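Coordinate inspection notes
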Amino acid sequence: MSEQLVYAMEVILNGLMAGVLYALVALGFVLIFKASGIFNYAQGVMALFAAMTLVGIMNGQVPFSHLINAIFGSHITQFGWQVPAVIAILLTMAVMVLLAWCVQQFVMRHLVNQEPIILFMATIGLAYFLEGVADLMWGSEIKSLDVGLPQGINLWIDETTLNIFGYGFFIDNLDIVATIVAALLVIALVAFSQYTKQGRAMRAVADDHQAALSVGISLNFIWVMVWSVAGFVALVAGIMWGTKSGVQFSLSLIALKALPVLMLGGFTSIPGAIVGGLIIGVGEKLFEFAIGPLVGGATENWFAYVLALIFLVFRPQGLFGEKIIERV
Amino acid sequence: MKTKLTTLALGAMMAAGPAMADLVFPSLSYRTGPFAAGGIPFADGYADYFTLLNERDGGIGGVKTRVPECETGYNTEKGVECYEATKGEGALVYQPLSTGITYQLIPKATADDIPIHSMGYGRTSAKNGDVFSHVFNYPANYWNGASGAVNYLLGENGGDLNGKKIALVYHNSAYGKEPIRTLEELAKKHGFELVLLPVDSPGQEQKSQWLQIRRDKPDYVVLWGWGVMNQAAVQEAANIRFPMENFIGVWWSGAEHDVTPAGDKADGYKALTFTGLGSDYPIYDDLKKYVVDTGKAAGAGDQLGSVQYNRGLYAAMLAAEAARTAQEIHGTAEITSGQMRDGMEALDITEAKMADLGMSGFGPEFKVSCENHGGPGLVGVAQWSATDKTWSVISDFQPTDDDVINPLVDEDSSAYAGENKIDPNC
């Protein structure tokens, strides 16, 4: 087998893994859009907020300590304890549920029946607000996140591929974990929406919220639930990306990686987010590998959007999106 | 009662004497946004040094200093807004803290007769004071950085890089592209192969670049990153088990927050520096006494001794010494920005002066001139110890390759002078 083909195989595998990470972010967008028709611009910031909260809780950091110290002249920054990762994740999830309730109670509830663009603008405001709150709450320094996930080259894959192809493939252990987590997450989300009462109610609201309301489904509850689930997905994405390069403001920018995934996979399909992520991941990595050196490299950011636009020409609703036909 | 009040008021006025305007050193900081981790310590160091001067010495030449801070978020448009908003306060010098902002401010500040100090960043060819009358980039610039890295590697290889392969992983922006031309010239001169690997901003995802490094097996990797790109690069290098001792970053890729997310695996990573590291300098005793212990430290007061804090401290010291020089030249304590420019152009940093300031060895000795606004371009190398969580200098400030750099400076500055019809300053 030619050397270039072996390298391309390694690139494809890594592209698939990167695609899973993109899909993790895209899933949060899909959940909220599917249930409420809102394109949640704040999803990336929610991942940042969740990861910062997780690290803060794990390290026993006093929230809003800068503010407290500035007002009262005190010097408190730490509680002096460390919280195990599992408990910290549960506590962070509780914070995300509280955030979901606040978003519904103070923002979205007042905007029911408004145009989608108004709701979108509200989520832009929410994104900037959350950024500021996260900074104020936990500080803006870069924090290490270690919840015990393995990182670095997978030696088994390295050795096995070395024996087969004469070249050991690099696959990051963290990417393998992310793939497993994403698969479990999708199974759990599908099972939740298909087999639980709340899940079916969520689907009913997604199909027709007025009809759902007429059969006694509480819109408030469902939307809080959806934002909570999106918060959970944001937490998972935040853990994966935060483990890779530290928990910092740039985490919020991972949303940019999710946009082409959504355009390609469709805004309303959970499998679409996964498949879209995989196509974008493989597409951008292969393009960078094959064409990048000819055009000066750094093609990944723009090529992801080009790829999504090409798909849009043929399927404007995305690969798995709902085709909307409206009468004139 | 009325007489008593009048007497009191007159007494107060006499005690106060003639009101002197503050010496204003605006700080275009970025404490928020994706690059805040680097912006906060620099801004704290810059502010704390002037606080120290006010508290310990009563300012500079008897005039108090003031550091109005304006948040740029490392955004060029906001940086220009900050410049416009603060220049009317009597700004003496600007540290734009961003190559993009520097480029925008060069013509504006020159027209306003306000000097710019872009220390280790900005437009490299601004070293040529004959063309850039109001821009100073001492003590070192990007091209010194590129040459410093190559010089260090030459030292590691017995003076011979022939046949070696060096990969440059760089931020795909004007900043990241700065060293390319110099490295290309140095590659020709020393016979090494240069591999260019751009990373798009912000740089969280670098898998493709590091897979290529794993395939191509360069002998050394030079990193020219900023923000999350640095942490991601160090992590990816650790993931592919690239030897950290062969991985060397520019000075903006060598702070504590760049290496801590990778934990123990970052041990041995190297970075260039043009300032002293750590807090083992006498000035820190004064900072503790007059600034920290009195509760006057900037920000949370928790950045002292960090790499970027020291850089902010050093920039402030250079600004203060230039102001002092300007006061001496013009025989007035209340200098203008134009006089400050003269002070910067006549700045003479000697070891004796550094020792007096409690900063012996903190930076190189140098003298600025009308022709040379860039200083000597001396560059050191530091190495990270993950065990001690400290940076240590492993190569002292060394000269860089002026034979390669100066023609490039002349070429670029001449082109700028031609485009903008600039008459020689010197």
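Just so it is clear, the model here is predicted, and its values are computed rather than measured. (Residues numbered from 1 in each chain as written. Chains lettered and ligands numbered in written order. Predicted model: local features only at pLDDT ≥ 70, side-chain atom pairs only at ≥ 80, totals over all residues. Heavy atoms only, no water.)

With that settled, the discussion passes to the overall build of chain B. If you tally the helices and strands in chain B, you get 15 helices and 15 strands. Here the C-alpha atoms of chain B give a radius of gyration of 22 Å, agreeing with the 22 Å that 2.2 N^0.38 yields for 426 residues. Across its three principal directions, the C-alpha atoms of chain B cover 90 × 50 × 40 Å. Expressed as a percentage of contacts within chain B between residues at least 6 apart in sequence, the contacts between residues at least 24 apart total 71%. Total accessible area on chain B stands at roughly 15,300 Å², and carbon and sulfur atoms take up 50% of it. Counting 34 positive and 55 negative side-chain charges, chain B places the centres of these two groups 4 Å from one another. (Helix = DSSP H or I, 4+ residues; strand = E, 2+ residues; numbered from the N terminus. Rg over C-alpha atoms; globule rule 2.2 N^0.38 Å. Contact = heavy atoms within 4.5 Å. Areas by Shrake-Rupley, 256 points an atom, 1.4 Å probe, with all protein chains shown as cover. Lys, Arg positive; Asp, Glu negative; His and termini not counted. Charge placed at Lys NZ, Arg CZ, Asp CG, Glu CD.)

For chain A, the count of helices and strands is 13 helices and zero strands. Over its C-alpha atoms chain A spans a radius of gyration of 21 Å, differing by no more than 12% from the 20 Å that the globule rule assigns to 328 residues. Taken along its principal axes, the extent of the C-alpha atoms in chain A is 65 × 60 × 40 Å. Out of the 328 residues belonging to chain A, those deemed buried represent 54%. Partitioning the contacts of chain A with sequence separation of at least 6, the portion at a separation of at least 24 is 72%. If you sum the accessible surface of chain A, you get close to 14,800 Å²; carbon and sulfur atoms cover 69% of it. (Buried < 20%, exposed > 50% of the residue type's maximum accessible area, 1.4 Å probe, protein only.)

Turning to a nonpolar patch on the surface, a few remarks are in order. Nonpolar side chains collect at one region of the surface, where I291, L294, V295, W302, V306, I310, V313 and F314 of chain A lie side by side and expose about 820 Å² of accessible area between them. On the secondary structure map, F314 of chain A appears in helix 13 (residues 300-314). (Patch = residues over 30% accessible without salt bridge, like charges linked within 9 Å, V, L, I, M, F, W, Y side chains within 5 Å. Salt bridge = Lys/Arg side-chain N within 4 Å of Asp/Glu carboxyl O.)

The next point concerns the interface of chain B and chain A. Chain B puts 33 residues into the contact, and the matching count from chain A is 42 residues. Counting each side, the surface lost to burial between chain B and chain A is near 3,100 Å², with a carbon and sulfur contribution of 53%. The largest share of the area that chain B buries against chain A comes from Q204, E205 and R215 of chain B, three residues that together contribute 21% of it. If you look at where chain B meets chain A, you find six salt bridges. D175 of chain A is paired through a salt bridge with K207 of chain B; the nearest N and O atoms lie 3.2 Å apart. Linking chain B with chain A are 14 residue pairs in polar contact (both at pLDDT 80 or more). Partitioned by chemical class, the residues of the side of chain B that touches chain A number 12 nonpolar, 12 polar and nine charged. (Buried area = accessible area lost by both parts, 1.4 Å probe. Polar contact = N/O pair within 3.5 Å; in protein donor to acceptor, adjacent residues only side chain to side chain. Nonpolar A, V, L, I, M, F, W, Y, C, P; charged D, E, K, R; others polar.)

Within the secondary structure, E288 of chain A sits in helix 12 (residues 270-290). Look at E288 of chain A: it is buried, it has no salt bridge, and the nearest opposite charge is R215 of chain B at 8.2 Å. At 3.4 Å, the side chain of E288 of chain A forms a polar contact with the backbone nitrogen of A298 of chain A.

All names here are of chain B. Checked against the element boundaries, A297 lands in the loop between helix 11 (283-292) and helix 12 (307-330). As for A297 and D44, which are separated by 253 residues in sequence, their C-alpha atoms are 7.6 Å apart. Excluding residues that lie within four positions of it along the chain, A297 makes contacts with D48, V291 and V292.

This brings us to the state of the cysteines. All names here are of chain B. In this structure the tally under the stated criterion is two disulfides over all chains. The residue that forms a disulfide with C70 is C82, at a sulfur-sulfur distance of 2.0 Å. Between C70 and C82 the sulfur-sulfur dihedral comes to about -75 degrees; the bridge is accordingly left-handed. Of this pair, C70 sits in strand 4 (residues 69-71) while C82 sits in helix 3 (residues 76-86); the two residues are 12 residues apart in sequence, bridging distant segments of the chain. For C70, a relative accessible area of 16% translates into the label buried. For C82, a relative accessible area of 2% corresponds to the buried category. Here C370 engages in a disulfide with C426; their sulfurs sit 2.0 Å apart. Negative torsions about the S-S bond denote left-handed disulfides, and the value of about -100 degrees found for C370 with C426 makes this one left-handed. Here C426 lies in the segment after helix 15 (402-420) and C370 lies in the loop between strand 13 (366-367) and strand 14 (379-385), a separation of 56 residues in the sequence. Judged by its relative accessible area of 19%, C370 falls in the buried class. (Disulfide = S-S within 2.5 Å.)

Turning our attention to helix 7 (residues 173-195) of chain A. In this model helix 7 of chain A runs 33 Å from its N-terminal to its C-terminal C-alpha over 23 residues, within 8% of the 33 Å that 1.5 Å per residue would give. If you check which residues of helix 7 of chain A are buried, you get N173, L174, D175, V177, A178, A182, L185, V186, L189 and S193 of chain A. Considering only its buried residues, helix 7 of chain A is in contact with helix 1 (3-36), helix 8 (197-207), helix 10 (219-245) and helix 12 of chain A together with helix 8 (207-216) of chain B. Where helix 7 of chain A begins, one side-chain oxygen reaches toward the backbone nitrogen of L174 of chain A, 3.1 Å away; that side chain belongs to D172 of chain A. (Expected span 1.5 Å × (residues − 1).)

A word on the UniProt feature "domain: Leucine-binding protein" (unreviewed entry) in chain B. Mapped onto the present numbering, the UniProt feature "domain: Leucine-binding protein" (unreviewed entry) falls at residues 28-385 of chain B. When the span residues 28-385 of chain B is considered, its composition is 42% helix and 13% strand, and the gap between its end C-alpha atoms is 32 Å. (UniProt positions renumbered as here; feature names shortened; annotations may be inferred.)

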